[in-house]
Each structure stands twice: as C-alpha cells, then as structure tokens.
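Next come the chains, spelled out residue by residue.
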Amino acid sequence: MDITLGERISTLRRQKELTQENLAKELNVSAQAVSKWENDQTCPDISLLPELARILGVTVDELLSGKTDMREVRMAKPDEEKNPDDLILRIIVDSTDGDKVRVNLPVPLIQAAIELGITHPKPGGSEALKNIDIGRIVELVRRGARGNLVEVEEPGGDRVLITVE
Amino acid sequence: MKIKVKDADKNIKIIFPTCLVLNRLAALAAPKIFNKKLKQHGMELTSAQAVKLIKTLKRFRRRHKNWKLVEVNSADGEHIEIRL
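Residues numbered from 1 in each chain as written. Chains lettered and ligands numbered in written order. Predicted model: local features only at pLDDT ≥ 70, side-chain atom pairs only at ≥ 80, totals over all residues. Heavy atoms only, no water.

A. Examining the pattern of salt bridges more closely. All names here are of chain A. What the rule picks out here adds up to eleven salt bridges over all chains. Arg13 is the partner of Glu38 in a salt bridge, and the nearest nitrogen-oxygen pair spans 2.5 Å. A residue pair is termed long-range when its members are at least 10 positions apart, and Glu38 in helix H3 (residues 31-38) and Arg13 in helix H1 (residues 5-15) qualify at 25 residues. Side by side, Glu38 and Arg13 carry an identical accessibility label, which is buried. Put simply, Asp94, Arg102, Glu151 and Arg159 are held in one network by salt bridges that share partners. (Salt bridge = Lys/Arg side-chain N within 4 Å of Asp/Glu carboxyl O. Helix = DSSP H or I, 4+ residues; strand = E, 2+ residues; numbered from the N terminus. Buried < 20%, exposed > 50% of the residue type's maximum accessible area, 1.4 Å probe, protein only.)

B. Structural view of the interface of chain B and chain A. On the side of chain A, 29 residues touch chain B, which itself brings 22 residues to the contact. Interface area lost by chain B to chain A is led by Phe60, Arg63 and Glu71 of chain B, which between them contribute 23%. Taken together, the links from chain B to chain A amount to two salt bridges. Notably, a salt bridge pairs Asp86 of chain A with Arg63 of chain B, separated by 2.7 Å at the nearest N-O pair. For the pair chain B and chain A, the interface holds nine residue pairs in polar contact (both at pLDDT 80 or more). (Contact = heavy atoms within 4.5 Å. Buried area = accessible area lost by both parts, 1.4 Å probe. Polar contact = N/O pair within 3.5 Å; in protein donor to acceptor, adjacent residues only side chain to side chain.)

C. Geometry of the nonpolar core. With 41 residues, the main nonpolar core has Leu89, Ile137 and Ile162 of chain A as its most contacted residues. Looking at this core, the elements with two or more residues in it are strand S2 (88-94), strand S3 (100-106), helix H6 (107-115), helix H7 (134-142), strand S4 (145-153) and strand S5 (159-164) of chain A together with helix H1 (24-40) and helix H2 (47-63) of chain B. Sequence-distant contacts of Leu89 of chain A, defined by excluding residues within four places in its chain, comprise Val103, Asn104, Leu105, Val107, Ile110, Ile137, Ile162, Thr163 and Val164 of chain A. Of all hydrophobic cores here, the second largest spans 17 residues; its members include Leu5, Leu12, Leu27 and Leu56 of chain A. (Core = buried A, V, L, I, M, F, W, Y, C linked by side-chain atoms within 4.5 Å.)

D. Here's a closer look at the packing of aromatic side chains. All names here are of chain B. Tallied over the entire structure, the rule returns one aromatic pair over all chains. Relative to Trp67, the ring of Phe60 has its centre 4.9 Å away and its plane inclined at 70°; by these criteria the two rings are edge-to-face. Exposure class is identical for Phe60 and Trp67. Each is buried. (Phe/Tyr/Trp six-rings, centres within 6.5 Å; stacked < 30°, edge-to-face > 60°.)

E. Geometry of a positive patch on the surface. On the surface, Arg14 of chain A together with Arg24, Lys55, Lys58, Arg59, Arg62 and Lys65 of chain B cluster together into a positively charged patch. Examining the composition of the positive patch, we find that four residues originate from one element, H2 of chain B, more than from any other. Note on placement: Lys55 of chain B falls in helix H2. (Patch = residues over 30% accessible without salt bridge, like charges linked within 9 Å, V, L, I, M, F, W, Y side chains within 5 Å. Areas by Shrake-Rupley, 256 points an atom, 1.4 Å probe, with all protein chains shown as cover. Lys, Arg positive; Asp, Glu negative; His and termini not counted. Charge placed at Lys NZ, Arg CZ, Asp CG, Glu CD.)

F. The arrangement of helix H2 (residues 20-27) of chain A in detail. Residues and elements named next belong to chain A. Those residues of H2 not exposed but buried are Leu23, Ala24 and Leu27. Viewed end-on, H2 has its buried residues packed into an arc of 100°, placing them on one side of the element. Exposed and oriented more than 90 degrees from the buried face of H2 are Glu21 and Lys25. In this fold, the buried residues of H2 make contact with H1, H3 and helix H4 (49-56). Among the residues trailing H2, Asn28 stands out with phi positive, at a value near 60°. (Arc of directions from axis to C-beta.)

G. View of H2 of chain B. Look at H2 of chain B: 25 Å from first C-alpha to last across 17 residues, which is about the 24 Å you get at 1.5 Å a residue. Those residues of H2 of chain B that sit buried are Gln49, Ala50, Val51, Leu53, Ile54, Thr56, Leu57 and Phe60 of chain B. Buried residues belonging to H2 of chain B abut S2, S3 and H6 of chain A together with H1 of chain B. (Expected span 1.5 Å × (residues − 1).)

Nothing here speaks to function; it is geometry throughout.
Below, the structure is given as structure tokens:
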C-alpha cells in the first residue's frame, strides 16, 4: 500500500514547519478542510493543487503521485535544505515473485546505529543490501546528496532502491 | 504503535502505546533478547547503546507521528505494516 495523498500533504506540511492553520490561510480554505485532506476524507480542489504544491515545495505531479523526480542523485539547495534530523532513508525491495518491502529509517537513527557498529540491514532477505556501505550513504546525505542514491538490480531480477528524502 | 497483519482470512490490528516498547526497561532487556541473533552477524548490543537508539527513535517519532517504519506486501496478498 502506497502513501496516500493525505499522508503526503501532512508529511510535506510538517517538513515545511507549517501548521494546518498556516496552510489553510495561504490557500484561503478552512483548517478543517486541510485536516480532512490529511485524513483522506476529502481531496483538495483541483484548482488549489498548483498553489498547494508550490507551498509544499514539490511539483503537482510529485504531490499527486508521490514519486519525486529523483532519477539522478541531486544536491539539496540551501533554501530547500531540511533539518538533517527529519531526513528519511527509504529502502525499497521489489522481488521478482511479487513481494514488496518498504523500510523507512530516520537518518539520525542510522547514524546512531553506525556508531554502534550495526551496518548490515537486509530487509526482505535481500543479498544486494549486504554489500552496500550504509556509512558511505549517510556521509553522502550529510554532504547534501538526495534522491535515489542506490539502485541495484540483482541477477535474479530483484530490485533494491535506496532513496533519501 | 500500530501493527497491522492482513491476509486472506485474517485481519489483525494491534494498537498499543509506543512507550511500552520504547522505554528504559526495554533498552535494558534488548541485549538479552537480540544479542544471540546479533552475535551471528558479529555485532553486540549493550544496554547503553540500546538506550541511545531508543532515544533517537523517540526524538524522531515526536516530530513524525504515525510514522510508517515497515511495510511488507507479499505476492500472495499478505500485508504487514508497523507504524510508530
């Protein structure tokens, strides 16, 4: 099950450190309307989407699909820089037999784990993750790298993706 | 913490306070529970380290309520989800 539009709006709003009231005021709607969007009871009006996406710092496509244009690794711009404590490392494993594993790990938790010597996550039993140096990934993230940092296709057809957002 | 397990004939939802899992007592018990498995991977967890991990997790959770830690969808329709 993917993240719903409401969850996406809620996450992006919090990342921008906006309250529901602030967002509602900028869009000229009520705070209750924003609350309903975030709880997936209703959807924002189509005419509000461009403005909503602009406020949340994404494109309309990204807002609706949840897929950010991160085919390549990009460096975070200073004005869009998130608090490093809010960054999430998503490990996505899609196996050929149809199993899908999604693990969302906070970057600060991984940093703490690395300091403790825990560096070999293998969600879904994927062998591809065994040889990935998570420490290097966290170092890249600390330097501002965002997007799809790792994409591995195993010989068996399993696909592993590590994304930071 | 919310744990959902759903398959063709079962739909289990378990909801309990996250503080029952993420607390000092759990941090003290964690090494005894996990070290047997961790040692197979050449790692060892001490109580102090578990306390640090739990503190980090709690700090993150405070900022991101209802955060989805794990989601597994199997090919035969099973769905497992853990939210903190």
